[in-house]
Amino acid sequence: MDTTPAEWLMKRNCSLTPRQALLVYALLCAATLGIAIMFTLRGAWMVLAFALIEATAVGAALLHYSRHALDHERILLEDGCLLVEHADGARRVAVRLDPSHARVSLPDTGMRTLVVIEARGVRVETGRFLTPSARLELVRALRRALRGASLLYTGPSRLL
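Summarised in this report is the structure supplied together with it. (Residues numbered from 1 in each chain as written. Predicted model: local features only at pLDDT ≥ 70, side-chain atom pairs only at ≥ 80, totals over all residues. Heavy atoms only, no water.)

Side note on the overall build of the chain
So, point 1. Per the secondary structure count, the chain includes three helices and seven strands.
So, point 2. Reading the chain from its N end, one meets helices and strands in the order β-α-α-β-β-β-β-β-β-α.
So, point 3. Expected size for 160 residues packed as a compact globule is a radius of gyration near 15 Å; at 23 Å, the chain overshoots this value by more than 25%.
So, point 4. Referenced to the eigenvectors of the C-alpha coordinate spread, the extents of the chain come out at roughly 80 × 30 × 25 Å.
So, point 5. Across the 160 residues in the chain, those meeting the buried criterion constitute 33%.
So, point 6. Long-range contacts, defined as pairs at least 24 residues apart, comprise 49% of the intrachain contacts of the chain with a sequence gap of at least 6.
So, point 7. Looking at the chain as shown, the accessible area adds up to about 10200 Å², and 60% of this sits on carbon and sulfur atoms.
So, point 8. One finds the centroid of the 20 positive side-chain charges in the chain at a distance of 4 Å from the centroid of its 14 negative side-chain charges. (Helix = DSSP H or I, 4+ residues; strand = E, 2+ residues; numbered from the N terminus. Rg over C-alpha atoms; globule rule 2.2 N^0.38 Å. Buried < 20%, exposed > 50% of the residue type's maximum accessible area, 1.4 Å probe, protein only. Contact = heavy atoms within 4.5 Å. Areas by Shrake-Rupley, 256 points an atom, 1.4 Å probe, with all protein chains shown as cover. Lys, Arg positive; Asp, Glu negative; His and termini not counted. Charge placed at Lys NZ, Arg CZ, Asp CG, Glu CD.)

Re the sheet that holds strand 3 (residues 81–88)
So, point 1. With respect to topology, four strands assemble into an open sheet ordered 1-2-3-4, the strand pairing being antiparallel. The open sheet has two edge strands with one neighbour each: strand 1 (6–11) and strand 4 (91–97). Strand after strand, the sheet turns through a mean of 10 degrees between neighbouring axes, direction not considered.
So, point 2. Where strand 2 (residues 72–78) lies against strand 3, seven bridges are found, and the strand directions are antiparallel. Pairing of Leu76 across the sheet is with Leu83, part of strand 3. (Pairing = 2+ DSSP bridges. Axes fitted to C-alpha atoms, helices over the stretch in contact; angles between N-to-C directions.)

Brief notes about unusual backbone geometry
With the exception of glycine, most residues fall at negative phi, and the peptide bonds are largely trans.
So, point 1. In this structure, Arg120 takes a positive phi of about 50 degrees despite not being glycine.
So, point 2. Structurally, Arg120 can be placed in the loop between strand 6 (115–119) and strand 7 (122–126).

A short note on helix 1 (residues 18–41)
So, point 1. Here helix 1 contains 24 residues, and its C-alpha end-to-end distance of 34 Å stays within 8% of the 34 Å for a straight helix at 1.5 Å per residue.
So, point 2. Among the residues making up helix 1, those that are buried are Ala21, Cys29, Thr32 and Ala36.
So, point 3. One or two positions beyond helix 1, positive phi appears at Gly43, with a value near 105 degrees. (Expected span 1.5 Å × (residues − 1).)

Observations regarding the environment of Leu106
So, point 1. Note on placement: Leu106 falls in the loop between strand 5 (103–105) and strand 6.
So, point 2. For the pair formed by Leu106 and Gly34, sequence separation is 72 residues and the distance between their alpha carbons is 54 Å.
So, point 3. Other than its neighbours up to four places away in sequence, Leu106 contacts Thr113, Leu114, Val115, Arg135, Leu136 and Val139.

Take a look at the structure:
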């Protein structure tokens, strides 16, 4: 069996890191509240109230964005272990599977169908951040990698 580990990392497609989102929020609040204070000093105090409501709403949206900006899934195939990790916000789930009994499938090539990895009665779904064609490629790559470790993918078989 090949002893080099194989790894697949699937991440959410986000433009800003949480730190950058905080910086954008701070600049936006400074500009909005600065303008609102100018209007408040001229007697239009309702502008400040609406600016605070806006800053709160944008802050809540950016907080939700930042919590999930680093979401990812990782599959690691090492000697005797197939590790599937899923990070969703603050929640992390890691499942260890036996690669010699692992089966990889894609029940349907539809938009919402995930890649299923099963071994010894344990079932894990992965590929949330991939397009349908990328999921199909993940299935093929996993089957190729498991060919040396799995009892199910021993011969030169057709990949999907």
